[in-house]
Amino acid sequence: MAAAAPRLVEKGCVASRAGRIVFAGPEADLPARFDGAAAIDCEGRLVTPGLIDCHTHLVHAGNRANEFEMRLAGATYEEVARAGGGIVSSVKALRAASEDELVRQSLPRLDALIAEGVTTVEVKSGYGLDLDNEAKSLRAARRLATVRDVAIRTTFLGAHAMPPEARGDKDAYVAKVADEMLPAIAGQGLADAVDGFCEGIAFSPEQIARVFDKAKTLGLPVKLHADQLSNLHGAALAARYGALSADHLEYTDEGGAAAMAQAGTVAVILPGAFYFIRETRKPPVELFRERGVAMALATDNNPGTSPLTSLLLTMNMGATLFGMTVEECLAGVTCRAAQALGLQHEVGTLEAGKWADLAIWDVESPAELVYRIGFNPLHRRVWRGK
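Residues numbered from 1 in each chain as written. Predicted model: local features only at pLDDT ≥ 70, side-chain atom pairs only at ≥ 80, totals over all residues. Heavy atoms only, no water.

- An unreviewed UniProt entry lists the protein under the name Imidazolonepropionase, from Mesorhizobium marinum.
- According to the UniProt record, the Function (unreviewed entry) comment for the protein reads "Catalyzes the hydrolytic cleavage of the carbon-nitrogen bond in imidazolone-5-propanoate to yield N-formimidoyl-L-glutamate. It is the third step in the universal histidine degradation pathway."
- UniProt annotates the protein under Pathway (unreviewed entry) with the comment "Amino-acid degradation; L-histidine degradation into L-glutamate; N-formimidoyl-L-glutamate from L-histidine: step 3/3." (UniProt positions renumbered as here; feature names shortened; annotations may be inferred.)

So this is what it looks like as structure tokens:
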């Protein structure tokens, strides 16, 4: 079931104990005694749930600014790839980096998100493309939560692209992902979910299905990069497996939207990638509304197509580029994002029993969080009541 849409409570109050919310509602309804619960005085400011970035590739090494410059000068994707660019360059950089180095390089990106009130971040692998390096990437992601006050959810994205050593044999590589890498990753407890890239330049629906079948046997939920550059009916495939989310979705059709609605699969909208690669086909936001598909927003932080570390700017992009409403944008980085991670019972709304993850804002109305560009009105971030 979809998480409830946000509503504004005037003169509200939030109280927490042991990191959990014990009361959230009108101040007039606040019980007289809370048995040691600590009330948070926000002095009339706007309080929202801590923001959630539900789709990132935050752990990566190096950057691809040189490719960006090449494209500005007119180079095609193929020319960039022949020059050693594209995902192959990210794979090479990640494989060469130690786990400690990955943590060091990822922390500034994480800190940028935290500075905007983010309290939960999903981090995908997908730049290792062999067992040792995928595991290294996921371990580095988990370590981020040991050096910062933030919740990290890890997603195994072995079926992201082809490693150079696979020599173009997609079926053989997918078999390795499903039969060797995924069981080992699951056995080490490194993944909270499994993702794949269903696209002509990546993997077919049949190949993704093989990975998802294995994930199902291992008890891991799935997510999918779907319908970004063409319509391979990835949204419907994700829905068939009861995916937590299908992400990108620029080419999703009515059948895919209907399937997602029926399955409760969240549409994760990624305006950063749309903007950065100069896409022209917009995700069918109005169709998702009509069908009742929950919509989340995320940065898609990655070195190649969305080097974005601002969830506030992501909300503005969702509104200005795709016509999402203020309410949809705010829900998209709170309750809908929580749903996209399977965390709707823990975070994403201010309700008794959930984690006391809050963002306190110096704004006069919620619309300011979506309206402003390059302005961070965060007054205080609270994670687990601290």
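Next, the rest of the story.
A closer look at the sheet that holds strand 11 (residues 266–269)
Now for step 1: In space, the eight strands of this open sheet follow the order 5-6-7-8-9-10-11-12, with parallel pairing throughout. Only two strands of the sheet have a single partner each, and these edge strands are strand 5 (51–53) and strand 12 (295–297). When the angles between neighbouring strand axes are averaged without regard to direction, this sheet yields 25°.
Now for step 2: When strand 10 (residues 245–248) meets strand 11, the two strands line up parallel, connected through three bridges. Note on strand 11: the bridge partner recorded for D247 is V268. (Pairing = 2+ DSSP bridges. Helix = DSSP H or I, 4+ residues; strand = E, 2+ residues; numbered from the N terminus. Axes fitted to C-alpha atoms, helices over the stretch in contact; angles between N-to-C directions.)

Here's the deal with the packing of helix 5 (residues 131–147) against helix 6 (residues 170–187)
Now for step 1: With their axes 10 Å apart at the nearest point, helix 5 and helix 6 run at an angle of 30° to one another. The handedness of the crossing between helix 5 and helix 6 is right-handed. Contacts from L131, E134, A135 and L138 of helix 5 reach helix 6 at M181, A184 and I185.
Now for step 2: In terms of residue class, the contact of helix 5 with helix 6 is made up of six nonpolar, no polar and one charged. (Left-handed = near helix turned anticlockwise from the far one by under 90°. Contact = heavy atoms within 4.5 Å. Nonpolar A, V, L, I, M, F, W, Y, C, P; charged D, E, K, R; others polar.)

Notes on the side chain of T299
Now for step 1: With respect to the helices, strands and loops of the structure, T299 is situated in the loop between strand 12 and helix 12 (311–322).
Now for step 2: One polar contact links T299 to D53, side chain to side chain, over a distance of 2.7 Å.
Now for step 3: A distance of 3.2 Å separates the side chain of T299 from the backbone nitrogen of N301, its partner in a polar contact.
Now for step 4: Setting aside chain neighbours within four positions, we find T299 in contact with D53, H55, T56, L113, S306, L308, S310, L311 and T314. (Polar contact = N/O pair within 3.5 Å; in protein donor to acceptor, adjacent residues only side chain to side chain.)

Focus on helix 7 (residues 205–217)
Now for step 1: With 13 residues, helix 7 should reach 18 Å at 1.5 Å per residue; the first-to-last C-alpha distance of 18 Å fits that figure.
Now for step 2: Along its buried surface, helix 7 packs onto strand 7 (151–159), helix 6, strand 8 (193–198), strand 9 (223–226) and helix 8 (234–240).
Now for step 3: Looking one or two residues past helix 7, G219 carries a phi angle of roughly 75°, positive in sign. (Expected span 1.5 Å × (residues − 1).)

As for the UniProt feature "binding site: N-formimidoyl-L-glutamate" (unreviewed entry) in the protein
Now for step 1: Per the UniProt record, "binding site: N-formimidoyl-L-glutamate" (unreviewed entry) is annotated on Y127, N302 and G304. The greatest C-alpha distance among the residues just named is 11.3 Å, despite their covering 178 residues of sequence, which places them together in space.
Now for step 2: Within the element layout of this structure, N302 appears in the loop between strand 12 and helix 12.
Now for step 3: We classify N302 as buried; its relative accessible area is 5%.
Now for step 4: Of note is the side chain of N302, whose polar atom sits 2.8 Å from the backbone oxygen of D300. (Buried < 20%, exposed > 50% of the residue type's maximum accessible area, 1.4 Å probe, protein only.)

Observations regarding the packing of aromatic side chains
Now for step 1: Under the defined criterion, the tally for this structure stands at four aromatic pairs.
Now for step 2: Ring plane angle 20° and centroid distance 5.2 Å describe the contact between F68 and F276, whose orientation is recorded as stacked. Taken together, the positions of F68 in helix 1 (residues 65–72) and F276 in helix 10 (residues 271–276) put the pair 208 residues apart, joining distant regions of the chain.
Now for step 3: Note on F68: relative accessible area 36%, which makes it partly exposed.
Now for step 4: Seen from their ring centres, F274 and F322 are 5.0 Å apart, and the 75° between their planes marks the pair as edge-to-face. You can see F274 sitting in helix 10 and its partner F322 sitting in helix 12, a full 48 residues away along the chain. Here the two residues F274 and F322 agree in accessibility, since each one is buried.
Now for step 5: Here the basic side chain of R372 rests over the ring of F375, its NZ or CZ set 4.5 Å away from the ring centre. (Phe/Tyr/Trp six-rings, centres within 6.5 Å; stacked < 30°, edge-to-face > 60°. Lys NZ or Arg CZ within 6 Å of the ring centre and 35° of its normal.)

A few points about a nonpolar patch on the surface
Now for step 1: Together, I201, L229 and I277 make up a nonpolar patch on the protein surface, roughly 240 Å² of accessible area in all.
Now for step 2: As for its placement among the helices and strands, I277 is situated in the loop between helix 10 and helix 11 (285–291). (Patch = residues over 30% accessible without salt bridge, like charges linked within 9 Å, V, L, I, M, F, W, Y side chains within 5 Å. Areas by Shrake-Rupley, 256 points an atom, 1.4 Å probe, with all protein chains shown as cover. Salt bridge = Lys/Arg side-chain N within 4 Å of Asp/Glu carboxyl O.)

Description of the pattern of salt bridges
Now for step 1: Summed over the entire model, instances satisfying the criterion amount to 22 salt bridges.
Now for step 2: For the salt bridge of D100 with R143, the shortest nitrogen-to-oxygen distance reads 2.7 Å. Remark: R143 occurs in helix 5 and D100 occurs in helix 4 (residues 99–114); sequence separation between them is 43 residues.
Now for step 3: Overall, the relative accessible area of 29% leaves R143 in the partly exposed class.
Now for step 4: Residue D111 pairs with R148 through a salt bridge whose shortest N-O separation is 2.6 Å. Pair noted here: D111 is in helix 4 and R148 is in the loop between helix 5 and strand 7, with a separation of 37 residues, a long-range link.
Now for step 5: Given a relative accessible area of 29%, D111 falls into the partly exposed group.
Now for step 6: One salt-bridge network, held together by shared partners, links E99, D100, R139 and R143.

Some thoughts on helix 3 (residues 87–96)
Now for step 1: Within helix 3, burial applies to I87, S89, S90, V91 and L94.
Now for step 2: Where helix 3 is buried, its residues contact helix 1, helix 4 and helix 5.

Quick notes on the confidence of the model for the protein
Now for step 1: Per-residue confidence for the protein gives a mean pLDDT of 94, with 96% of residues at or over 70.
Now for step 2: Mean pLDDT across the secondary structure elements of the protein bottoms out at strand 3 (residues 38–39), with 64, and peaks at strand 5, with 99. (pLDDT = per-residue confidence, 0-100.)

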